[in-house]
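# Chain and residue survey
Read off the chains here:
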Amino acid sequence: MIERTHPKLSVGAQCQLLSISRSSFYYTPQGETAMNLDLMLKVDKQFLDTPFYGVRQMTWHLQNEGHAVNEKRIRRLMRLMRLMPIYQKPNTSKPAKGHKGVVRGKLLAAGQGGSLACRHDQTLPIPLLQDESRDHPPGGDALHPVSAVAPQRRGSAARAGDRDQP
């Protein structure tokens with residue numbers, strides 16, 4: 001793009017026409033030092049064993065092995081290697097918009113069944129529990145999942161209804 005031996009335009013004039021600084025034309029990237037490459041290899045090996053180690057834990061681990069490193073260097077190297085630790089994200093207890101969930105033994109959302117995500121590569125099917133509280137009295141069998149959480153009736157009507165049941 002820029003010719004060093006152009007007969008009429010100097011290198012500075014060519015850089016000015018291309019809107020780049022002359023120093024950026026002469027700049028050659030240095031690459032990583034041998035020490036940083038060695039640290040990157042150790043970080044990579046340790047990250048395979050402990051993928052939950054972030055910058056602070058990785059720095060602590062390398063310092064315990066006798067390397068003179070700080071968080072800034074390890075953070076830069078981990079970003080360069082595109083290593084992202086596995087950790088719990090905030091607000092994980094809040095369901096995502098449109099997410100199916102289980103409440104009181106019943107599967108929410110329309111459909112005949114759902115799935116429970118275990119890992120990113122597999123899901124477990126969850127059978128849809130039918131509302132069997134029609135078949136059993138409220139507060140009846142304590143082992144039955146739906147009737148165990150059904151609301152209790154109060155008052156004399158509840159006591160009268162309990163006498164009719166076996």
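These notes cover the structure that comes with them. Computed from a predicted model, the values in this text were never measured in an experiment.

So, how was this worked out
Residues numbered from 1 in each chain as written. Predicted model: local features only at pLDDT ≥ 70, side-chain atom pairs only at ≥ 80, totals over all residues. Heavy atoms only, no water. Helix = DSSP H or I, 4+ residues; strand = E, 2+ residues; numbered from the N terminus. Buried < 20%, exposed > 50% of the residue type's maximum accessible area, 1.4 Å probe, protein only. Contact = heavy atoms within 4.5 Å. Areas by Shrake-Rupley, 256 points an atom, 1.4 Å probe, with all protein chains shown as cover. Core = buried A, V, L, I, M, F, W, Y, C linked by side-chain atoms within 4.5 Å. Arc of directions from axis to C-beta. Phe/Tyr/Trp six-rings, centres within 6.5 Å; stacked < 30°, edge-to-face > 60°. Axes fitted to C-alpha atoms, helices over the stretch in contact; angles between N-to-C directions. Left-handed = near helix turned anticlockwise from the far one by under 90°. Nonpolar A, V, L, I, M, F, W, Y, C, P; charged D, E, K, R; others polar.

## Side note on the overall build of the chain
If you tally the helices and strands in the chain, you get 7 helices and 4 strands. Mapped from its N terminus to its C terminus, the chain presents α and β elements in the order α-α-α-α-α-β-β-β-β-α-α. Going through the 166 residues of the chain one by one, you find that 20% of them count as buried. If you take every contact in the chain between residues at least 6 apart in sequence, the share linking residues at least 24 apart comes to 29%. Of the roughly 13600 Å² that the chain leaves accessible, carbon and sulfur atoms contribute 54%.

## Section: the nonpolar core
One finds Val43, Met58, Leu62, Ile74 and Met78 to be the most contacted residues of the largest nonpolar core, which totals 13 residues. Elements represented by at least two residues in this core include exactly helix H3 (34–49), helix H4 (55–64) and helix H5 (71–80). Looking at this core element by element, the count peaks at 4 residues for H3. With near-sequence residues (within four places) excluded, leucine 62 lies in contact with Leu39, Lys42, Val43, His67, Val69 and Ile74.

## Quick word on unusual backbone geometry
For serine 19, which is not a glycine, the phi torsion comes out positive at approximately 60 degrees. Relative to the assigned elements, serine 19 resides in the loop between helix H1 (11–17) and helix H2 (22–26). Serine 19 gets classed as exposed once you look at its relative accessible area, which sits at 68%. Unusually for a residue other than glycine, arginine 82 sits at a positive phi of about 60 degrees. Its location among the elements puts arginine 82 in the loop between H5 and strand S1 (102–103). Judged by relative accessible area, arginine 82 falls into the exposed class, the value being 76%.

## Quick word on H5
All of the buried residues along H5 are Ile74, Leu77 and Met78. Along the long axis of H5, the arc covered by the buried residues comes to 100 degrees, so they all point the same way. Exposed residues on H5 whose side chains face more than 90 degrees from its buried face are Lys72 and Arg79. Where H5 is buried, its residues touch H3 and H4. Immediately downstream of H5, the backbone of arginine 82 shows phi near 60 degrees, a positive value.

## Here's the deal with the packing of aromatic side chains
As enumerated under the stated definition, the model contains 2 aromatic pairs in all. For the ring pair phenylalanine 25 and tyrosine 26, a centre distance of 5.1 Å and an interplane angle of 70 degrees mean the geometry is edge-to-face. Taking relative accessible area as the criterion, phenylalanine 25 reaches 22% and is therefore assigned partly exposed.

## A few points about the side chain of histidine 61
Relative to the helices and strands, histidine 61 is located in helix H4. Setting aside chain neighbours within four positions, we find histidine 61 in contact with Gln46 and Tyr53.

## Some remarks on the packing of H4 against H5
At a closest axis distance of 9 Å, the pairing of H4 and H5 adopts a crossing angle of 115 degrees. The element H4 and its partner H5 pack so that their crossing is right-handed. Facing Val55, Arg56, Met58, Thr59 and Leu62 of H4, the residues of H5 in contact are Glu71, Ile74, Arg75 and Met78. Grouping the constituent residues of the contact of H4 with H5 by class yields 5 nonpolar, 1 polar and 3 charged.

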